[in-house]
Amino acid sequence: MENIIEVHNLVKSFGNKLALKDVDFSVRKGETIGFLGPSGSGKTTTIKILTAQLAPTAGDVRVFGKPVHSLKDPAEMKRIGILTDNSGLYDRLTVADNLGLYADLYGTERKRIVDALEMVNLTGEEKKPVQKLSKGMKQRVTLARAILHKPDLLFLDEPTSALDPANTRDIHEGLKELNRAGTTIFLTTHDMEEAESLCDRVAFLDDGEIRLFDTPQNLRMLQGRPTISVLLKDRRTVTVEPDADGAAAIARFMESGELLTIHSNEPTLGDLFVQMTGRKLA
Ligand SMILES: Nc1ncnc2c1ncn2[C@@H]1O[C@H](COP(=O)(O)OP(=O)(O)OP(=O)(O)O)[C@@H](O)[C@H]1O
């Protein structure tokens, strides 16, 4: 399958600080890829390099098969959408006028604004000036702007960091729909649930290095089989291994009528991240 992004031996330093150390990865057309890592691990730096906002110190970075600096060409720029912390919204203009400016810039029909606002749950807020919006609403306007022109490739730097759970869920649904319609998505997050819910493959980024890069399912398998916890009627919790002894113990609790609930202790990507790096995600 065609690679939309190819990165080889990418290094980025800021003075003495090595923000990215020999990073290698590729993204296939149609994938949703997540870079998961704690604050300062190099997520934003990666996105800025992939969107030609920062030059790499060394290495080969290709987007759509061409060196990344060709993204400065407006025709290529129109194929990508970007959401970063730098909103670039005009505070005094309304939501609709902000998006209208971008629709004109991208040569997109203005009626797309309606769909984009619906996806980010901002229908009805079109006439509000941006300065009167909450932080989360502004984040949703910038997301609407990033998807307005139905880009082939969408970069999202922590897309739901300022959002409540209900909006996060709706935006995840919208992103899945966009991906099904053909948009390749590259996102950064320190929210492992977001990575699991959205991503075909996830990279663990730690101190400027990719430690692991695989499907969420394969990553979870690295931790071995999950244990099983049994809650008893006297509120005791008993944890057993998923083997014959464990099965016999569970059978005994069932026969004696002591058993209340059973659940499998599936490891999360967050658990694995801590195990691999000794660092927490947030
Ligand atoms: N312009 C800059 N000048 C100097 N150092 C920088 C600059 N930008 C980033 N860094 C450093 O590079 C490292 C990676 O930063 P980056 O912003 O990519 O991390 P991040 O994973 O996106 O973190 P966060 O989740 O907090 O946004 C950090 O140590 C940061 O201090």
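Residues numbered from 1 in each chain as written. Predicted model: local features only at pLDDT ≥ 70, side-chain atom pairs only at ≥ 80, totals over all residues.

**Side note on the pairing of strand 1 (residues 3–14)**
- Pairing of strand 1 with strand 2 (residues 17–28) involves eight bridges; the strand directions are antiparallel. By the bridge assignment for strand 2, asparagine 3 is matched with arginine 28.
- Turn length for the strand 1-strand 2 hairpin, with the two strands adjacent in sequence and antiparallel, is two residues, and the turn residue glycine 15 shows positive phi of about 60 degrees.
- Sheet topology places strand 1 next to strand 4 (residues 58–63); five bridges connect them, and they run antiparallel. Among the inter-strand pairings, glutamate 6 is bridged to a residue of strand 4, identified as arginine 62. (Pairing = 2+ DSSP bridges. Helix = DSSP H or I, 4+ residues; strand = E, 2+ residues; numbered from the N terminus.)

**Quick notes on the sheet that holds strand 7 (residues 153–157)**
- Overall, mixed pairing links the six strands, which are arranged 6-7-8-3-9-10 in an open sheet. Looking along the sheet, the strands with just one partner apiece sit at the ends: strand 6 (80–83) and strand 10 (209–214). Strand-to-strand twist in this sheet, taken as the mean axis angle between neighbours without regard to direction, amounts to 15 degrees.
- The strands touched by helix 1 (residues 43–50) within the sheet are strand 3 (32–36), strand 7, strand 8 (184–189) and strand 9 (201–206), with strand 7 carrying the most contacts at an inclination of about 150 degrees. (Axes fitted to C-alpha atoms, helices over the stretch in contact; angles between N-to-C directions. Contact = placed C-beta atoms within 7 Å.)

**With respect to the nonpolar core**
- Counting residues in hydrophobic clusters, the biggest one holds 61 residues, and the most contacted among them are Leu36, Leu50, Ala116, Ala144 and Phe155.
- The element contributing the most residues to this core is helix 5 (residues 135–147), with five residues.
- Filtering out sequence-adjacent residues up to four positions away, leucine 50 remains in contact with Ile5, Val61, Val63, Val68, Phe155 and Phe186. (Core = buried A, V, L, I, M, F, W, Y, C linked by C-beta atoms within 7 Å. Buried ≥ 20, exposed ≤ 12 C-beta atoms within 10 Å, placed from the backbone.)

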